[in-house]
Amino acid sequence: MAEVAVVTGGSAGIGRATARLLADGGADVAVLARGEERLGAARRDLEGRGVRALALRVDVADAAAVEEAAARVEADLGPISVWVNNAMATVFAPAWAIDPDEYRRATEVTYLGAVHGTLAALRRMRPRDRGTIVQVGSALAFRGIPLQAPYCASKHALQGFTESVRTELLHERSRVHLTMVHLPAHNTPQFEWGRTRMPRHPRPVPPIFQPEVAAEAIVAAARLRRRELFVGWPTLQAVWGNRLAPSLVDLYLARTGVRSQQTDEGVDLPRLDNLFEPAPGDYAAHGTFDAQARDRSLLLSVSLHRNGLAFAAGALLTALALRR
């Protein structure tokens, strides 16, 4: 029987790239998202890869809708073996310029959406004592930056939630695996459709990676049963910089963080966004920063091949010792 995977936010950006990679590996894939046009395109994309696909219109902020979608996936495709919580929403603005309903909405999608997905998956995986849940985290789960307070707070919350649930699964000696993949900036459509109150067009903070890099990490974390996976040196720099010298990081971000998240292109405000309703447009995996985005991460390659590298290093040291 083919593996069955669910990807929330799977119609565009990192979710779309992840769904494609899972399908390329032979998995039947269900994508959960809100936009009908992109859902249809994602389904055709996956079916063109020779697998069964479902494209379900779901707002992950609605716990009942997520539960209903999980039941539909199992009825149509079979037992869910991999669930990827990827859906997100944000607002680019100073904290004091964001309305309470915008905070609520960004949190309901980015944090509670992952909670709802995790619980829906666990209701099915725990009785079977198998399955993998992947949380799409961020460097911003460890280090908040200006202009993205709702998103940073949601990723911090998701990190804490994941650690709690992991220990509960360990306590009952469950073989259900819970992993988290922490990402740097990626070239996705969120910068085209995220709500903003800034005078210039939002952009990912360089260095930028293509969505396929994130997809590789997400799928590998599920396959290798890693506790967590850090993608890109910027993520490690954010984590360790904040641990070792948080006050210096505060000052650095205060000086550079606002400007580095905006291009030189002006924005006509208000613009159409996807915070409360799906944004129109034929978006897929990539955003508009292809020219600046990297298609591989050395840190990810090292992490994924660490056993082989350790063996090679040991063999080299042994050979050098024998030559003496």
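Residues numbered from 1 in each chain as written. Predicted model: local features only at pLDDT ≥ 70, side-chain atom pairs only at ≥ 80, totals over all residues. Heavy atoms only, no water.

### A look at the overall build of the protein
Working step 1: What the protein contains, in helices and strands, is 11 helices and 13 strands.
Working step 2: Here the C-alpha atoms of the protein give a radius of gyration of 20 Å, agreeing with the 20 Å that 2.2 N^0.38 yields for 324 residues.
Working step 3: Projected onto the principal axes, the alpha-carbon positions of the protein cover approximately 65 × 55 × 40 Å.
Working step 4: Every one of the 324 residues in the protein was classed for burial, and the buried ones make up 54%.
Working step 5: Here the analysis covers contacts within the protein between residues at least 6 apart in sequence; of these, 77% occur between residues at least 24 apart. (Helix = DSSP H or I, 4+ residues; strand = E, 2+ residues; numbered from the N terminus. Rg over C-alpha atoms; globule rule 2.2 N^0.38 Å. Buried < 20%, exposed > 50% of the residue type's maximum accessible area, 1.4 Å probe, protein only. Contact = heavy atoms within 4.5 Å.)

### Here we look at the pattern of salt bridges
Working step 1: A complete count under the given rule lists 23 salt bridges for this structure.
Working step 2: The shortest N-O distance in the salt bridge between arginine 296 and aspartate 295 comes to 3.3 Å. Each member of the pair arginine 296 and aspartate 295 is classed as exposed.
Working step 3: A cluster of three or more residues bridged by salt bridges with shared partners is formed by Arg16, Arg20, Asp24, Asp45 and Arg49. (Salt bridge = Lys/Arg side-chain N within 4 Å of Asp/Glu carboxyl O.)

### Points about the nonpolar core
Working step 1: Leu32, Val73, Ile80 and Trp83 are the most contacted members of the largest nonpolar core, which totals 37 residues.
Working step 2: Looking at which element gives the most residues to this core, the answer is helix α4 (residues 100-128), with eight residues.
Working step 3: Not counting chain neighbours up to four residues away, the residues in contact with tryptophan 83 comprise Val6, Thr8, Leu32, Val66, Ala70, Gly117, Ala120, Ala121, Met125, Thr132, Ile133 and Val134.
Working step 4: One finds Ala5, Val29, Leu46 and Ile218 within the second-largest nonpolar core, a separate group that totals 34 residues. (Core = buried A, V, L, I, M, F, W, Y, C linked by side-chain atoms within 4.5 Å.)

### Topic: the packing of aromatic side chains
Working step 1: Throughout the structure, instances matching the rule amount to five aromatic pairs.
Working step 2: Consider the rings of tyrosine 111 and phenylalanine 161, whose centres lie 6.3 Å apart with planes at 85°: the pair is edge-to-face. One end of the pair, tyrosine 111, is in helix α4; the other, phenylalanine 161, is in helix α5 (residues 149-171), and 50 residues separate them in sequence.
Working step 3: With a centroid separation of 4.9 Å and 75° between ring planes, the pair formed by tryptophan 193 and tyrosine 283 is classed as edge-to-face. With a gap of 90 residues between them, tryptophan 193 in helix α6 (residues 190-193) and tyrosine 283 in the loop between β12 (262-266) and β13 (293-294) connect regions that are remote in the sequence.
Working step 4: Look at tyrosine 283 and you get partly exposed, because its relative accessible area is 22%.
Working step 5: Over the face of the ring belonging to tryptophan 240 we find arginine 243, whose NZ or CZ atom lies 4.7 Å from the ring centre. (Phe/Tyr/Trp six-rings, centres within 6.5 Å; stacked < 30°, edge-to-face > 60°. Lys NZ or Arg CZ within 6 Å of the ring centre and 35° of its normal.)

### Quick notes on helix α8 (residues 233-244)
Working step 1: Given a rise of 1.5 Å per residue, 12 residues ought to cover 16 Å, and the 16 Å separating the end C-alpha atoms of α8 matches this to within 8%.
Working step 2: Turning to α8, its buried residues number three or more, namely Thr235, Ala238 and Val239. When α8 is viewed along its axis, its buried side chains cluster within an angular range of 90° and face the same direction. Along α8, the residues that are exposed and aim more than 90 degrees away from the buried face are Gln237 and Leu244. (Expected span 1.5 Å × (residues − 1). Arc of directions from axis to C-beta.)

### Considerations on unusual backbone geometry
Working step 1: A cis amide bond links proline 206 with the next residue in sequence, proline 207, at an omega value of 0°.
Working step 2: With respect to the helices and strands, the residue proline 207 is situated in the loop between β9 (200-202) and β10 (208-209).
Working step 3: The linkage connecting leucine 269 with the following residue, proline 270, adopts the cis geometry, with an omega of -10°.
Working step 4: Position of proline 270 among the secondary structure elements: in the loop between β12 and β13.
Working step 5: Phi is positive for leucine 147, which is not a glycine, with a value near 75°.
Working step 6: Position of leucine 147 among the secondary structure elements: in the loop between β6 (132-138) and α5.

### Things to note about the sheet that holds strand β4 (residues 82-85)
Pairing between the strands of a sheet comes from backbone hydrogen bonds, and it takes one of two forms, parallel or antiparallel.
Working step 1: Read from one edge of the open sheet, seven strands run β3-β2-β1-β4-β6-β7-β11, paired in parallel fashion. Sheet topology places β3 (53-57) and β11 (228-230) at the edges, where each strand pairs with a single neighbour. The mean inter-strand angle of the sheet, taken between neighbouring strand axes irrespective of direction, is 15°.
Working step 2: Examined bridge by bridge, strand β1 (residues 4-8) and β4 share three bridges and lie parallel to one another. Looking at the pairing, valine 6 lines up with tryptophan 83 of β4. (Pairing = 2+ DSSP bridges. Axes fitted to C-alpha atoms, helices over the stretch in contact; angles between N-to-C directions.)

### Focus on the side chain of serine 174
Working step 1: Locating serine 174 in the fold gives a position in the loop between α5 and β7 (177-183).
Working step 2: Residue classification places serine 174 among the buried positions, given a relative accessible area of 15%.
Working step 3: For serine 174, the side chain forms a polar contact with the main-chain nitrogen of valine 176, separated by 3.0 Å.
Working step 4: Contacts of serine 174, omitting those with residues within four sequence positions, involve Asp129 and Leu169. (Polar contact = N/O pair within 3.5 Å; in protein donor to acceptor, adjacent residues only side chain to side chain.)

### Remarks on the confidence of the model for the protein
Working step 1: Considering every residue of the protein, the mean pLDDT works out to 92; 94% of them sit at 70 or more.
Working step 2: In the predicted structure, residues 308-320 sits below a pLDDT of 50 and forms one contact with residues beyond four places in sequence or in another chain. (pLDDT = per-residue confidence, 0-100.)

### Some thoughts on the pairing of β7
Working step 1: Burial analysis of β7 places seven of its seven residues in the buried class, which makes it a mostly covered element.
Working step 2: In β7, alternate side chains face the same way, and those of His177, Thr179, Val181 and Leu183 on one face and Leu178, Met180 and His182 on the other are all buried.
Working step 3: With seven bridges connecting them, β6 and β7 associate as parallel partners. The residue bridging glutamine 135 from the neighbouring strand is methionine 180, located in β7.
Working step 4: In terms of handedness, the path from β6 via α5 over to β7 forms a crossover that is right-handed.
Working step 5: Sheet analysis places β7 next to β11, joined by three bridges and oriented parallel. The residue of β11 that forms the bridge with valine 181 is leucine 229. (Right-handed = clockwise from strand over helix to strand, strands pointing away.)

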